[in-house]
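This is what each chain is made of:
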There are 4 protein chains.
Amino acid sequence: MDTDAAQVVHFSNYFRFFERAEEEFYSRLGFNFGEFAKKGLWFPRVEAVCRYRKPARFNDLVEVELVVEELREKSVKYGFRVFNNESKDLLAEGYLVAVVADRQSGKAVAIPKDIVEKLKPFCK
Amino acid sequence: MDTDAAQVVHFSNYFRFFERAEEEFYSRLGFNFGEFAKKGLWFPRVEAVCRYRKPARFNDLVEVELVVEELREKSVKYGFRVFNNESKDLLAEGYLVAVVADRQSGKAVAIPKDIVEKLKPFCK
Amino acid sequence: MDTDAAQVVHFSNYFRFFERAEEEFYSRLGFNFGEFAKKGLWFPRVEAVCRYRKPARFNDLVEVELVVEELREKSVKYGFRVFNNESKDLLAEGYLVAVVADRQSGKAVAIPKDIVEKLKPFCK
Amino acid sequence: MDTDAAQVVHFSNYFRFFERAEEEFYSRLGFNFGEFAKKGLWFPRVEAVCRYRKPARFNDLVEVELVVEELREKSVKYGFRVFNNESKDLLAEGYLVAVVADRQSGKAVAIPKDIVEKLKPFCK
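Structural notes, computed from the coordinates. Residue indices begin from 1 for each chain and proceed along its sequence in written order. Written order decides the labels, with chains lettered from A and ligands numbered from 1. In keeping with the model being predicted, local features are shown solely for residues with a pLDDT of at least 70 and side-chain atom pairs are shown and tallied solely at 80 or more, while totals for entire chains, interfaces and linings include all residues. Computation of side-chain values covers all heavy atoms of the structure but excludes hydrogens and water.

Attention now goes to the overall build of chain A. Going along the chain from the N terminus, every DSSP run of H or I of four or more residues is numbered as a helix, and every run of E of two or more is numbered as a strand. When helices and strands are tallied, chain A shows 3 helices and 6 strands. Helices (α) and strands (β) of chain A occur, in sequence order from the N terminus, as α-α-β-β-β-β-β-β-α. Here the C-alpha coordinates of chain A stretch approximately 45 × 30 × 20 Å along the principal axes. Throughout, a contact is declared for two residues whenever any of their heavy atoms are within 4.5 Å. Pairs at least 24 apart in sequence give 61% of the contacts found in chain A among residues at least 6 apart. Surface exposure here means Shrake-Rupley accessible area, sampled with a 1.4 Å probe, where a residue is shielded only by the protein chains that are shown. Roughly 6,200 Å² of accessible area belongs to chain A as shown, and the carbon and sulfur atoms make up 47% of that amount. Residues scored as positive are Lys and Arg, those scored as negative are Asp and Glu, and His as well as the terminal groups of each chain are ignored. Working definition for charges: the position is that of NZ of Lys, CZ of Arg, CG of Asp or CD of Glu. Averaging the positions of the 21 positive and the 20 negative side-chain charges in chain A gives two centres separated by 4 Å.

Glancing now at the environment of V67 of chain A. Residues and elements named next belong to chain A. If you trace the backbone, V67 turns up in strand β3 (residues 62-71). Along the sequence, V67 and G79 sit 12 residues apart, while their C-alpha atoms lie 5.2 Å from each other. If sequence neighbours within four positions are ignored, V67 has contacts with K77, Y78, G79, F122 and K124.

What follows deals with the interface of chain A and chain B. Often, the extent of an interface is quoted as the loss of accessible area on bringing the components together. Between chain A and chain B, the contact holds 7 residues from the first and 7 residues from the second. Taken together, the two surfaces of chain A and chain B that pack against each other cover about 670 Å², and 57% of this comes from carbon and sulfur. Values labelled buried area give the accessible surface lost by two parts on being combined, using a 1.4 Å probe and summing over both. Among the residues of chain A in contact with chain B, M1, A5 and Q7 of chain A are the three that bury the most area, contributing 58% of the side total. Salt-bridge detection follows one rule: a side-chain nitrogen of Lys or Arg within 4 Å of a carboxyl oxygen of Asp or Glu. Scanning the region where chain A abuts chain B turns up 0 salt bridges. Whenever two N or O atoms come within 3.5 Å, that pair is a polar contact, provided that in protein one can donate a hydrogen and the other can accept it, and provided that, for residues adjacent in sequence, both atoms are side-chain atoms. Our enumeration of links across chain A and chain B arrives at 0 residue pairs in polar contact (both at pLDDT 80 or more). Only Asp, Glu, Lys and Arg are considered charged in this grouping, and only Ala, Val, Leu, Ile, Met, Phe, Trp, Tyr, Cys and Pro are considered nonpolar; every other residue, Gly among them, is considered polar. Here the residues of the side of chain A that touches chain B are counted per class, giving 3 nonpolar, 3 polar and 1 charged.

Another aspect to go through is the sheet that holds strand β3 (residues 62-71) of chain D. In this scheme, strands are said to pair when DSSP sees at least two bridges between them. Read from one edge of the open sheet, 8 strands run β3(A)-β4(A)-β5(A)-β2(A)-β2(D)-β5(D)-β4(D)-β3(D), paired in antiparallel fashion. Two strands lie at the open edges of the sheet, namely β3 of chain A together with β3 of chain D, each paired on one side alone. Across the sheet, the mean angle separating the axes of adjacent strands is 15° when strand polarity is ignored. Sheet topology note: the β3 of chain A/strand β4 (residues 75-84) of chain A ladder contains 9 bridges and is antiparallel. Note that in β4 of chain A the partner of L71 of chain A across the bridge is V76 of chain A. Angles here are taken between N-to-C directions and fall from 0 to 180 degrees, while the axes themselves are lines fitted to C-alpha atoms, restricted in helices to the stretch in contact. Across the face of the sheet, helix α1 (residues 13-28) of chain A comes into contact with β2 (45-52), β3, β4 and β5 (90-99) of chain A together with β2 (45-52) of chain D while running at roughly 120° to β2 of chain A.

This next bit is on the relation of the copies chain B and chain C. To go from the first copy of the chain to the second, apply a rotation about an axis and then a shift along the same axis. The transformation that overlays chain B on chain C combines an axial shift of 0.0 Å with a rotation of 180°, and the residual RMSD is 0.0 Å. When the rotation and shift are considered jointly, the pair of chain copies conforms to a two-fold rotation axis. Across chain B, the rotation axis passes nearest the C-alpha of V49 of chain B, at a separation of 2.2 Å. When the interface residues of chain B are mapped onto chain C, 96% of them are again interface residues, pointing to one common binding face. We place the copies in one frame by least squares, fitting the C-alpha atoms of every residue whose pLDDT is at least 70 in both.

On to the side chain of S12 of chain B, then. Topologically, S12 of chain B is positioned in the segment before α1 (13-28). One polar contact links S12 of chain B to R16 of chain C, side chain to side chain, over a distance of 3.1 Å. Each residue touching S12 of chain B, except ones within four places of it in the same chain, is listed here: S12, F15 and R16 of chain C.

What follows is about the side chain of S12 of chain A. Burial classes: relative accessible area under 20% of the type maximum marks a residue as buried, over 50% as exposed, and values in between as partly exposed (1.4 Å probe, protein chains only). S12 of chain A sits in the buried class, given a relative accessible area of 0%. Among the polar contacts made by the side chain of S12 of chain A, one reaches the side chain of H10 of chain A at a distance of 2.8 Å.

The partner chain C presents 23 residues to the 24 residues of chain B that form the contact. Taken as a group, F11, R16 and W42 of chain B account for 26% of the area that chain B buries against chain C, more than any other trio of residues on that side. The shortest N-O distance in the salt bridge between E47 of chain B and R51 of chain C comes to 2.9 Å. Linking chain B to chain C there are 14 residue pairs in polar contact (both at pLDDT 80 or more). Of all the secondary-structure elements, those providing two or more residues to the side of chain B that touches chain C are α1, β2 (45-52) and β5 (90-99) of chain B. Ranked by residues supplied to the side of chain B that touches chain C, first place goes to β2 of chain B with 8 residues. When grouped by side-chain class, the residues that make up the side of chain B that touches chain C number 14 nonpolar, 4 polar and 6 charged.

Here we come to the packing of aromatic side chains. Each Phe, Tyr or Trp ring, with Trp reduced to its six-membered ring, pairs with another whose centre is within 6.5 Å; inter-plane angles below 30 degrees give stacked pairs, above 60 give edge-to-face pairs, and intermediate values give tilted ones. Summed over the entire model, instances satisfying the criterion amount to 58 aromatic pairs over all chains. Seen from their ring centres, F36 of chain A and F43 of chain A are 5.2 Å apart, and the 50° between their planes marks the pair as tilted. Ring centres of Y78 of chain B and F80 of chain B lie 6.2 Å apart, and the angle between their planes is 50°; this geometry places the pair in the tilted category. The residue whose ring lies beneath K77 of chain A is Y95 of chain A, and the NZ or CZ to ring-centre distance is 4.2 Å. Charges are assigned to positions over rings by a cutoff of 6 Å between ring centre and Lys NZ or Arg CZ, combined with an angular limit of 35 degrees from the ring normal.

Right, let's talk about the pairing of β4 of chain A for a bit. Residues and elements named next belong to chain A. Of all 10 residues that make up β4, 9 are buried, and the element is covered over most of its length. Turn length for the β3-β4 hairpin, with the two strands adjacent in sequence and antiparallel, is 3 residues. Pairing of β4 with β5, which is carried by 9 bridges, proceeds in the antiparallel orientation. Among the inter-strand pairings, Y78 is bridged to a residue of β5, identified as L96.

The next subject is the relation of the copies chain A and chain B. The operation relating chain A to chain B is a screw motion whose rotation component is 180°, with 0.0 Å of axial translation and a residual RMSD of 0.0 Å. Of the residues that chain A buries at the interface, 100% are likewise interface residues in chain B, meaning the two copies contact each other through the same surface.

Going through the model one piece at a time under the given rule, you end up with 44 salt bridges over all chains. E65 of chain B is the salt-bridge partner of R81 of chain B, the closest N and O atoms lying 3.0 Å from each other. With R81 of chain B in strand β4 (residues 75-84) and E65 of chain B in strand β3 (residues 62-71), this pair connects stretches of sequence that are 16 residues apart. Classification of R81 of chain B by relative accessible area gives partly exposed; the value is 33%. Each of E19, E22 and R45 of chain A takes part in salt bridges that share partners, so that together they form one network.

In structure tokens form, the structure reads like this:
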């Protein structure tokens with residue numbers, strides 16, 4: 001379902017791979033987006049960028065690498081690189097910028113300290 | 001993005017076509033799902049069925065027919081048929097059963113009267 | 001991205017979970033859909049059914065169980081049950097019927113013997 | 001199905017809106033991606049960028065504006081802006097860069113002249 005009629009992975013799905021890597025990353029850090037939601041925190045994306053190098057095809061296994069490219073008071077920029085798991089070819093690279101916001105007001109707020117502490121070791 | 005590596009529309013997307021037809025139908029009746037949500041009403045699906053006859057391919061235009069197959073106190077069953085717009089071939093047919101529920105409690109409630117009245121003329 | 005504005009997993013995504021389980025199943029059996037495609041084999045779905053019991057929410061981990069419900073000369077019916085990984089609650093159950101077809105002609109053909117042999121131990 | 005648990009349209013779906021606008025644009029120009037595919041032409045994306053200004057919510061109607069930002073020998077850059085149809089607020093803006101490639105070889109080729117002629121009037 002990730003491929004399209006050109007028999008390659010549809011370009012929009014790389015953003016979904018990015019997000020899946022981000023969720024997995026937070027989960028490994030011991031965080032739970034469900035709890036953030038209960039606290040009224042929301043992580044809207046403000047920018048999403050991807051550059052495509054080589055196509056991924058049906059049944060290819062891909063690996064997604066995540067680095068914290070920039071950690072600011074109210075926003076974080078994650079860099080992603082997607083590799084073909086077998087050939088190790090770089091398929092795509094890009095980034096997401098997310099801010100932390102209060103869900104009621106919609107306003108940006110400071111990233112909670114416990115998140116900042118856990119993200120620091122993954123900064124470039 | 002609706003097609004897959006077999007160069008036909010991915011089977012799961014027919015359910016998205018069904019839903020798009022349903023939204024369009026309600027919108028034509030003058031309803032607004034956004035307002036239902038504000039009233040705390042939620043329309044969870046309890047059953048989704050599709051039988052596939054012929055594939056739809058990239059760039060095909062399809063037409064979705066919706067009928068109200070069954071209107072009960074707390075649930076409604078919509079029947080759908082998907083046609084190729086050019087050849088008029090039947091591509092798929094199926095149905096969705098939705099209940100009306102209170103979002104807080106999650107319990108099924110009676111379908112609001114104004115909805116029932118507007119759905120009646122479309123019953124088989 | 002699997003959830004919707006009602007904050008539950010969108011009903012159409014269960015079919016994507018079914019398919020992901022099927023791919024994983026074939027991969028564990030040592031098969032590769034990419035190779036099937038090269039041989040000109042195609043597995044169009046002829047029927048897809050899901051009944052929804054309880055919603056899955058954001059960040060829930062789900063487990064998908066697959067059984068081979070029926071193995072015919074040219075078609076196979078897989079049964080699926082989706083569970084919440086923590087509560088073990090049954091969230092949804094359904095099935096997919098797929099036929100094996102020749103991609104050129106589009107006609108149904110017999111399921112290759114090596115597949116039949118590997119599927120047999122998983123028949124109900 | 002376009003919204004997520006934060007009750008706004010999932011960021012990856014804007015790229016799908018971009019693509020839908022592109023398809024509609026080509027269709028209005030009298031082109032048919034299906035025919036391009038038959039001629040062995042393929043339009044892989046090499047870059048996709050979106051910046052998000054305001055969220056779109058369930059049931060919002062959006063309008064997508066497309067301009068041809070750059071027309072090169074073998075590539076085209078489309079700019080997109082997504083507006084809320086009612087408030088006219090700018091929700092998101094971005095671009096896609098696509099190259100024209102031969103599907104067999106995967107190599108970039110010159111954009112066919114009939115396409116170039118029809119795109120020119122839409123260049124910024």
